[in-house]
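Working through the structure, step by step
Spelled out from the first residue to the last, the chains are:
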Amino acid sequence: MKKNSLWLTIFIITALSVSVVAGCQRKEKLSRESLTEGKPVKGGQIIYGMLEEPDKLDPYSSQMLSSANVCNLCFDGLIKVDNESRVISWLAEEVPTIANGGISEDGLTITYKLKKAIKWQDGKPLTSGDVKFTWEVIMGKHGKYTPVTTIGYDRVELVKTPDERTVIFHLKEVYAPFVNTLFQFAIFPKHLLEKSQDLNKDSFFRRPVGSGPFKIKEWKSGEYIIAEANSNYFLGRPNLDRIIIKFIPDDNTLFTQMRTGEIDVWEMVPPTMSQQAEQIKEAKLYKTTAVNYENYAFNHSNPILSDKRVRKALWYGTDIKTILEKLYPDSDPSIAVTDQYPKSWAYNKNLKPYPYDPQKAKKLLEKAGWKDVDGDGIREKNGKKLTLTISAPSGKKDREQKEEILQEQWRKIGVDLKIKNYDSLTLFGSFEEGGILTTGKYDVAIFAWIAGVDPDDSSLWSIDQIPSKENPSGQNSYFYRNPKIDRLCKEAVKTMNQEKRKKYYWRIQEILYEDAVTIFERYWVDLNSATLKLHQFKPNPTNQGHMWNVYEWWKEK
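Small disclaimer: the values here were computed from a predicted structure and weren't measured.

1. A short note on the environment of lysine 384
With respect to the helices, strands and loops of the structure, lysine 384 is situated in strand β15 (residues 384-385). Exposure remark for lysine 384: the relative accessible area of 48% places this residue in the partly exposed category. Beyond its immediate sequence surroundings of up to four residues, lysine 384 is in contact with Ile304, Trp370 and Arg379.

Here you go:
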């Protein structure tokens, strides 16, 4: 899964599975309805099962949601998004607003005041200088560094630090999402990183020293990460002594280990296995309406898919309703229409899902010049077959089934669809790492995009965000080019008034819909299973990650 920051998860070793001993004399006291009540118990550990391993623990340069999620253990941001999708202060004393003086009347000056006595995990004080340094890193002012995006950070003209707890950002122009989206995941320690010449390769991001509630003690690739409690955390020592993150790249194995108690949390339960997860007696299945959508992404740099008629034909030729009924019968997902979540203030409610209409799809392909000349059922044009390849993260059973369904549905309209899947690190890798999506080595790809609390998706659709050697951090791996979208995105973020901003986003959604920029499939119902002994587990529907409040978690003995 990509993130918008965007996009997965992690776990660990059976050698430490002693922590999951049942304690059957307490079973009758455990309730599925009241898992946040009671006095916290200090100590113990949690084994957290994840399907996908992060590539690095750096939320600003990794494309993977798993990285942002695990970074909640070791890093803190100025702000955080909670499980109710509210922006709350974290390292900052307050979320800056015009009312509290944190945002100037003209919107060009943003001031943060840090909380007192925050320390790095090595005991050094965290100061405003570290915040300024983090901005400089993201903007490439300290050695080599390739962030996923610099959007928003690039609006800053000057950073002032009048004292150790105050940082002031002076903007070149108004950027409405600044407070709600920037510095959400991490602040970096200047004293440990300022001499690094290549932060992309720095070992720091394998075992970072942050300000967060847990210290990363060990990371064994392909197996686990071990994190231990930070006794000097500014919010107080976490309740748990240890978090073990176990990487299990197979849903069936995750289910088995959840059922047997080898793991305490099974993150991202596939909807196709929700009934099985519900039947685990010693666990609760959490169902969270998330802000992410599944899509079948088109590579617009592909000559076939650069034709809007072909893209629209593929959307009309896709029976999404049948796919959802077959693969997700118990999660009741809603068909997606745009890149905005239906509960967002920016959602364009006038847009309706493309209907399944294979006859219309065939007519569009005919108009685009694709015809079945030799009668073999596959269309041709200029002697070339209408052949496309579809890719997804390997190991995801529902997506593999989906590819087979699409293969059958698209063949009915004359399209030969091949399947070629990749492991997550390869599919979502950075441009410099030769990632399949970022380098455009795909035709159609299935993945989810998880959004933040602000509707700005300019990193997805803007021309200047297309990944390239000159711009390796770009997130527009659709390779979509539309100057109208660029203009609307730029105007939207310069508008502080929400009603005026909404008009821009409604128009953006209309254009994306008309252009069939991608096939929006469904809005997710996020499923996570956790032992009944785990309290204060509150899955987060945003890109903040489910470990957002990990310092509060505690486990019954």
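So, next bit.
2. Quick word on helix α9 (residues 358-367)
Looking only at α9, the buried set comprises Ala361, Leu364 and Leu365. The arc enclosing the buried residues of α9, seen along the axis, measures out at 100 degrees, which places them on a common side. Seen from the buried face of α9, the exposed residues on the opposite side, beyond 90 degrees, are Lys363 and Lys367. Contacts made by the buried residues of α9 are with α7 (308-316). Downstream of α9 by a residue or two, glycine 369 has a phi angle that is positive, lying close to 95 degrees.

3. Points about the side chain of threonine 531
Position of threonine 531 relative to the elements: it lies in strand β19 (residues 518-531). Since its relative accessible area comes to 10%, threonine 531 is described here as buried. If sequence neighbours within four positions are ignored, threonine 531 has contacts with Met258, Asp264, Glu282 and Ala283.

4. What about helix α8 (residues 320-327)?
What α8 keeps buried is the set Ile320, Ile323, Leu324 and Leu327. With its buried residues spanning 95 degrees around the axis, α8 presents them on a single face. Exposed side of α8, more than 90 degrees from the buried face: Lys321 and Lys326 are the residues found there. Its buried side turned inward, α8 meets β12 (283-298), α7, β13 (334-335), α10 (397-411) and β19.

5. A few points about the layout of surface pockets
Its boundaries defined by the atoms lining it, the largest pocket holds a volume of some 500 Å³. In this structure, the largest pocket is lined by 24 residues; those nearest its centre are Glu84, Ser85, Thr289, Val291 and Pro541. Residues that form the lining of the largest pocket fall into these classes: nine nonpolar, eight polar and seven charged. Quantified by volume, the second largest pocket comes out at close to 310 Å³.

6. A short note on the sheet that holds strand β5 (residues 109-113)
Spatial ordering of the open sheet is given by β5-β7-β6, a layout of three strands whose pairing is antiparallel. Strand pairing shows two members of the sheet lacking a second neighbour, β5 and β6 (156-163), which therefore form its edges. Across the sheet, the axes of successive neighbouring strands diverge by a mean angle of 15 degrees, strand direction being ignored. As defined by bridge partners, β5 adjoins strand β7 (residues 166-171) across five bridges and the pair is classed as antiparallel. Each residue of the ladder has a partner; that of tyrosine 112, found in β7, is valine 167. The strands that helix α2 (residues 128-138) touches are β6 and β7; relative to β6, the one it contacts most, it runs at about 165 degrees.

7. Quick notes on the confidence of the model for the protein chain
Here the protein chain shows a mean pLDDT of 91. Residues at 70 or above account for 93%. Low confidence marks residues 1-34, where pLDDT is under 50. Its contacts with residues over four positions away, or in another chain, come to 151 contacts.

8. Section: the nonpolar core
Within the largest apolar cluster, 139 residues are counted, with the highest numbers of intra-cluster contacts made by Leu73, Phe169, Phe178, Phe188, Ile245 and Leu314. With residues up to four places along the chain from it excluded, the contact list for leucine 314 reads Phe298, Leu305, Leu388, Trp410, Ile413, Val415 and Ile519. Among the nonpolar cores identified, the runner-up in size contains 16 residues, and Leu254, Phe255, Ala277 and Leu527 belong to it.

9. Overview of the state of the cysteines
Linking two cysteines covalently via their sulfur atoms produces the bond known as a disulfide. Under the criterion given, the structure shown has zero disulfides. Residue cysteine 74 stays outside any disulfide, its sulfur separated by 4.9 Å from that of cysteine 71, the closest cysteine.

10. Structural notes on the pattern of salt bridges
This structure, assessed with the given rule, holds 29 salt bridges. Glutamate 278 is the partner of lysine 287 in a salt bridge, and the nearest nitrogen-oxygen pair spans 3.2 Å. Where lysine 385 meets aspartate 376, a salt bridge forms, and the shortest distance between an N and an O atom there is 2.5 Å. Assessed through its relative accessible area of 36%, aspartate 376 is described here as partly exposed. Connected via shared salt-bridge partners are Glu294, Arg399, Lys402, Glu521 and Arg522.

About the cut-offs
- Residues numbered from 1 in each chain as written.
- Predicted model: local features only at pLDDT ≥ 70, side-chain atom pairs only at ≥ 80, totals over all residues.
- Heavy atoms only, no water.
- Helix = DSSP H or I, 4+ residues; strand = E, 2+ residues; numbered from the N terminus.
- Buried < 20%, exposed > 50% of the residue type's maximum accessible area, 1.4 Å probe, protein only.
- Contact = heavy atoms within 4.5 Å.
- Arc of directions from axis to C-beta.
- 1 Å grid on protein atoms, 1.4 Å probe; cavity = no way out; pocket = protein on both sides within 12 Å on 5 of 7 lines; lining within 4 Å.
- Points joined across faces, edges and corners; volume = space filled by probe spheres on them.
- Nonpolar A, V, L, I, M, F, W, Y, C, P; charged D, E, K, R; others polar.
- Pairing = 2+ DSSP bridges.
- Axes fitted to C-alpha atoms, helices over the stretch in contact; angles between N-to-C directions.
- pLDDT = per-residue confidence, 0-100.
- Core = buried A, V, L, I, M, F, W, Y, C linked by side-chain atoms within 4.5 Å.
- Disulfide = S-S within 2.5 Å.
- Salt bridge = Lys/Arg side-chain N within 4 Å of Asp/Glu carboxyl O.

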